[in-house]
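Take a look at the letters that make up each chain.
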Amino acid sequence: VDTMLSPREEQELRSRTADLVLGWHLEQRGALESADAEGYKALVEAAAIVADESDASLRNWVGAARRAGLSWEDVGTTLGVSRQAAQKRFAPSES
C-alpha cells in the first residue's frame, strides 16, 4: 500500500484528536487549569467516547477498503499487524 500517511499528517491527526477532547472540556466545563477530580473524570469519559467512535470508524473504513478490493495483507500492513490479525479483528462475524 503506497498511500501511508506522512509523519506530519499522522501528528496532525493525533493533535486534532487531543484538541477535540480538550476543546469539548473547555466549552462544557471550563479551562483545564480549573479542573478538579470530576473534571478529569469527565475528560477520561470523553476520551473513552472518542476511542469508541474511532474504533467504530476504523471498522467501517476497513470494511469499505475491503469492498474496494484491499487485501487482508494490505489492511494488516497498513495497521502494522499481520494479515491474520487484521482478518481476525475485522472480518464480519458469521452469526
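You'll find the structure just up there.
All figures in this text were calculated on a predicted structure; none of them were measured in a lab.

Before going further, it helps to spend a moment on the pattern of salt bridges. Applying the stated criterion across every chain yields a total of four salt bridges. One salt bridge in this structure joins Arg89 and Asp55, with 2.8 Å as the shortest N-O distance. With Arg89 in helix α4 (residues 83-90) and Asp55 in helix α2 (residues 37-67), the pair connects residues that are 34 residues apart, well separated along the chain.

Quick look at the environment of Gly80 now. Position of Gly80 among the secondary structure elements: in the loop between α3 (72-79) and α4. Spatially, the C-alpha atoms of Gly80 and Glu12 are 19 Å apart, while their sequence positions differ by 68 residues.

Moving on to the side chain of His25. If you trace the backbone, His25 turns up in helix α1 (residues 7-29). According to the relative accessible area criterion, His25 is buried, its value standing at 2%. Reaching out from His25, the side chain makes a polar contact with the backbone oxygen of Gly30 at a distance of 2.9 Å. Residues within four places of His25 in sequence aside, it is in contact with Gly30, Ala31, Leu32, Ala35, Gly39 and Leu43.

Reading guide: rules and limits
- Residues numbered from 1 in each chain as written.
- Predicted model: local features only at pLDDT ≥ 70, side-chain atom pairs only at ≥ 80, totals over all residues.
- Heavy atoms only, no water.
- Salt bridge = Lys/Arg side-chain N within 4 Å of Asp/Glu carboxyl O.
- Helix = DSSP H or I, 4+ residues; strand = E, 2+ residues; numbered from the N terminus.
- Buried < 20%, exposed > 50% of the residue type's maximum accessible area, 1.4 Å probe, protein only.
- Polar contact = N/O pair within 3.5 Å; in protein donor to acceptor, adjacent residues only side chain to side chain.
- Contact = heavy atoms within 4.5 Å.

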